[in-house]
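Now for the letters of each chain:
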Amino acid sequence: MIFADLGLSTEVLKAVKETGYENPTPIQEKAIPYVLMGRDVLGTAQTGTGKTAGFTLPMIDILASGQAKARMPRSLILEPTRELAAQVADNFEIYGKYSNLSMALLIGGMSFSDQDAKLDKGVDVLIATPGRLLDHVERGKVLLNGVKTLVIDEADRMMDMGFIPDVERIVSLLPPLRQTLFFSATMSKEMRKLADKFLMNPKEVAVSPPTATAATVTQGLYMVNRAEKRPLIRKLLKQEEVKTAFVFCNRKKDVDILLGSLVKHGFNAGALHGDMSQSHRMETLDKFKNGEIKILVCSDVAARGIDVSAVSHVFNFDVPTHAEDYIHRIGRTGRAGQQGHAYTIATKSEDKYLDAVQKLVGKEIPVLTLEGMDEISEEAAEIAAREKKTDRNQKGGSRRKTDDAPKAKTSRKKSEPAAEKTSKNSGKKENKAPNATTRKGRPPRHANDEGDAPVVGLGDNIPAFFKIPLGKTAQK
Ligand code: AMP
């Protein structure tokens with residue numbers, strides 16, 4: 001099938017042609033005709049499948065007739081994160097270049113007054129994150145009763161991020177007679193229930209998550225022990241011709257540790273994970289996109305849906321625990337026919353995840369050996385020995401330091417390399433015992449405050465009154 005078969009206007013087809021796309025992707029083939037018919041659509045599709053164009057292209061044509069009124073957008077696209085909202089806005093600009101549509105992007109970190117000014121002029125397309133949109137609604141700056149087309153994108157992620165009550169509130173302010181497009185990467189029972197609330201007699205379209213990796217990506221596997229991972233990645237980053245690279249870690253705290261280590265060793269690196277403020281994330285991402293940062297260390301969640309072209313390398317510092325993430329990760333390189341490289345660094349303890357990945361992609365990832373591996377092992381052994389020594393010296397509660405560890409600014413960073421040392425059974429230990437300490441040497445009270453491990457019961461934070469002998473209280 002070609003784009004011209006889908007019923008899109010000549011303006012849109014011209015813009016699509018200029019992007020260089022040859023054929024519509026499966027989700028575009030399936031969704032675009034229904035959207036153009038005005039039907040509600042329930043789409044199961046992940047990022048990377050071309051779903052954004054699947055709804056933006058027909059929307060541009062639907063909105064071609066009609067005029068926007070002040071503060072009354074004609075269509076609304078809800079996105080869970082600022083990055084995704086900004087990406088959808090970029091798509092509208094690219095595909096809508098021959099269509100005269102106005103657009104506003106309402107996301108945090110941007111000035112309210114600029115956004116208000118746009119809304120005052122009237123917009124055809126409003127792209128927003130739920131929280132910021134509700135801020136504008138509450139300030140009376142936007143009226144939603146003129147919205148005729150609604151897109152709820154990445155609904156499963158909206159749910160993960162706790163945005164559903166905001167989305168429900170927003171939908172309650174829209175006219176009931178409208179077209180709704182609902183996209184989610186997965187279609188669980190909960191998602192269906194939610195979709196039932198928002199959609200009327202929808203057409204269901206689904207594309208299965210990709211299971212194949214691109215032939216343009218050279219894949220390789222290094223089997224090491226945990227302590228060798230950091231020296232190895234540094235070596236690989238030096239010896240490979242890295243233009244830009246994603247480095248994926250499974251845990252947020254490892255993202256921080258690895259970033260600190262790379263920066264300390266002179267690499268031009270930045271990080272992206274869910275605990276960073278949105279503005280910091282946007283700033284880092286912009287720097288990565290414009291080449292100011294060469295290496296982006298990130299977690300799967302933070303990097304999901306982020307579209308950066310011409311990435312030369314992907315490194316899996318850890319084998320992903322969900323096999324499909326391997327495909328997402330390495331799909332960031334080798335795009336549009338370019339050559340890409342994807343290297344995975346695994347320990348024996350990650351075997352079961354590796355098996356799952358290889359089963360999903362239907363082939364074994366070739367095991368590579370590296371010249372200079374002896375040096376790496378020696379370096380790792382030294383680090384491990386230093387850590388062990390520091391550990392012994394510090395029995396009694398004070399914090400540990402490692403040479404390889406980032407020069408930590410916070411107590412957490414100083415203490416975390418301990419997790420790395422617990423290599424073989426790292427999974428278990430890291431999840432159970434929070435090594436992180438707060439300023440008072442106590443474990444954090446909340447999971448994710450300082451590490452990924454939940455505190456059981458009261459942790460060390462026993463209230464003082466628990467310690468008063470019962471008799472004493474009675475005597476008072
Ligand atoms: P998405 O799933 O919407 O995030 O899109 C993922 C990537 O696919 C983006 O870089 C798009 O520019 C690209 N893309 C979208 N449609 C097509 C197409 N028909 N052919 C080739 N690439 C596409």
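Calculation notes
Residues numbered from 1 in each chain as written. Predicted model: local features only at pLDDT ≥ 70, side-chain atom pairs only at ≥ 80, totals over all residues. Heavy atoms only, no water. Near = heavy atom within 4 Å. Polar contact = N/O pair within 3.5 Å; in protein donor to acceptor, adjacent residues only side chain to side chain. Phe/Tyr/Trp six-rings, centres within 6.5 Å; stacked < 30°, edge-to-face > 60°. Lys NZ or Arg CZ within 6 Å of the ring centre and 35° of its normal. Pairing = 2+ DSSP bridges. Helix = DSSP H or I, 4+ residues; strand = E, 2+ residues; numbered from the N terminus. Axes fitted to C-alpha atoms, helices over the stretch in contact; angles between N-to-C directions. Contact = heavy atoms within 4.5 Å. Buried < 20%, exposed > 50% of the residue type's maximum accessible area, 1.4 Å probe, protein only. Parallel < 35°, antiparallel > 145°, perpendicular 65-115°, else oblique. Left-handed = near helix turned anticlockwise from the far one by under 90°. Nonpolar A, V, L, I, M, F, W, Y, C, P; charged D, E, K, R; others polar. Patch = residues over 30% accessible without salt bridge, like charges linked within 9 Å, V, L, I, M, F, W, Y side chains within 5 Å. Areas by Shrake-Rupley, 256 points an atom, 1.4 Å probe, with all protein chains shown as cover. Salt bridge = Lys/Arg side-chain N within 4 Å of Asp/Glu carboxyl O. Lys, Arg positive; Asp, Glu negative; His and termini not counted. Charge placed at Lys NZ, Arg CZ, Asp CG, Glu CD.

Right, let's talk about the site of the ligand for a bit. Residues in close proximity to the ligand total 14 residues, the closest being Tyr-21, Gln-28, Gly-48, Thr-52 and Asp-307. Gly-50 places a main-chain nitrogen or oxygen 2.8 Å from an oxygen atom of the ligand. Between the ligand and Thr-52, the relevant distance is 2.5 Å, taken from an oxygen atom to a side-chain nitrogen or oxygen of the residue.

With that out of the way, let us pick up the packing of aromatic side chains. Under the defined criterion, the tally for this structure stands at seven aromatic pairs. Grouped by ring-pair contacts, the aromatic residues Tyr-222, Phe-315 and Tyr-343 constitute a single cluster. Sitting above the plane of the Phe-112 ring, Arg-132 keeps its charged end 3.8 Å from the centroid. It is Arg-332 that lies over the ring of Phe-246; its NZ or CZ is 5.2 Å from the centre.

Our focus in this paragraph is the sheet that holds strand S12 (residues 313-316). As summarised here, the arrangement of the six strands in space is S8-S13-S12-S9-S11-S10, forming an open sheet in which the pairing is parallel. Of all the strands in the sheet, the pair left with one neighbour each is strand S8 (217-223) and strand S10 (269-272). Going across the sheet, the axis of each strand differs from the next one's by a mean of 20°, ignoring polarity. As paired strands, strand S9 (residues 245-248) and strand S11 (residues 295-298) are joined by four bridges and run parallel to one another. Counterpart to Val-247 in the pairing with S11 is Val-297. Against the sheet, helix H10 (residues 229-239) engages S8, S9, S11, S12 and strand S13 (340-346), with an angle of about 165° to S13.

Here we come to the pairing of strand S1 (residues 41-44). Residues Val-41 and Gly-43 of S1 are buried on one face, and the alternating residues Leu-42 and Thr-44, pointing to the opposite face, are buried as well. As paired elements, S1 and strand S6 (residues 179-184) share four bridges and run parallel to each other. Note that in S6 the partner of Val-41 across the bridge is Leu-181. As paired elements, S1 and strand S7 (residues 203-206) share four bridges and run parallel to each other. Residue pairing across strands places Val-41 opposite Lys-203, the latter belonging to S7.

Taken in spatial order, the seven strands line up as S3-S4-S2-S5-S6-S1-S7 in an open sheet, and their pairing is parallel. Each edge of the open sheet carries a strand with a single partner, namely strand S3 (103-106) and S7. Ignoring strand direction, the axes of neighbouring strands in this sheet form an average angle of 15°. Two elements, strand S2 (residues 75-78) and strand S5 (residues 149-152), share four bridges in a ladder whose sense is parallel. Bridging across to S5, Leu-76 finds its partner in Leu-150. Across the sheet, helix H4 (residues 82-95) lies against S2, S3 and strand S4 (125-128), angled at about 170° from S3, the strand it touches most.

Below, the discussion takes up the packing of H10 against helix H16 (residues 373-393). A packed helix pair is summarised by two numbers, namely the angle formed by the two axes and the spacing between the axes. Direction vectors running N to C along H10 and H16 enclose 140°, while the axes themselves pass 8 Å from each other. The orientation of H10 relative to H16 falls into the category oblique. The hand of the H10/H16 crossing is right-handed. Across the interface between the two elements, Pro-231, Leu-232, Arg-234 and Lys-235 of H10 pack against Met-373, Glu-375, Ile-376, Glu-379, Ala-380 and Ile-383 of H16. Here the contact of H10 with H16 is composed, by residue class, of six nonpolar, no polar and four charged.

Put simply, helix H2 (residues 26-37) and helix H3 (residues 51-62) touch, their axes get as near as 9 Å, and they point 25° apart. Taken together, the axes of H2 and H3 are roughly parallel relative to one another. By crossing handedness, the relation of H2 to H3 is classed as right-handed. The residues of H3 that touch H2, namely those facing Ile-27, Gln-28, Ala-31, Ile-32, Val-35 and Leu-36, are Lys-51, Ala-53, Gly-54, Leu-57, Pro-58, Asp-61 and Ile-62. Taken together, the residues that form the contact of H2 with H3 break down as nine nonpolar, two polar and two charged.

Here the focus is a negative patch on the surface. A contiguous patch of negative charge on the surface is contributed by Asp-374, Glu-375, Glu-378 and Glu-382. Along the chain, Glu-378 turns up in helix H16.

This part is about the side chain of His-273. Within the secondary structure layout, His-273 lies in the loop between S10 and helix H12 (278-289). Under the relative-accessibility criterion, His-273 is labelled buried at 5%. Within the local environment of His-273, its side chain forms a polar contact with the side chain of Asp-256, the two groups lying 3.2 Å apart.

Two side chains bearing opposite charge may form a pair once their charged atoms approach each other closely. Counted under the stated rule, the structure contains 19 salt bridges. Glu-18 is the partner of Lys-97 in a salt bridge, and the nearest nitrogen-oxygen pair spans 2.7 Å. Of this pair, Lys-97 sits in the loop between H4 and S3 while Glu-18 is found in helix H1 (residues 10-19), placing the two residues 79 residues apart along the sequence. Judged by relative accessible area, which is 44%, Glu-18 ranks as partly exposed. Salt-bridge contacts for Lys-51 lead to Glu-154; the nearest nitrogen and oxygen are separated by 3.2 Å. On the criterion of sequence distance, the pair formed by Lys-51 in helix H3 and Glu-154 in the loop between S5 and helix H7 (155-160) is long-range, its members being 103 residues apart. Here the two residues Lys-51 and Glu-154 agree in accessibility, since each one is buried. One salt-bridge network, held together by shared partners, links Arg-226, Lys-229, Arg-251, Asp-254, Asp-318 and Glu-350.

By themselves these figures say nothing about function.
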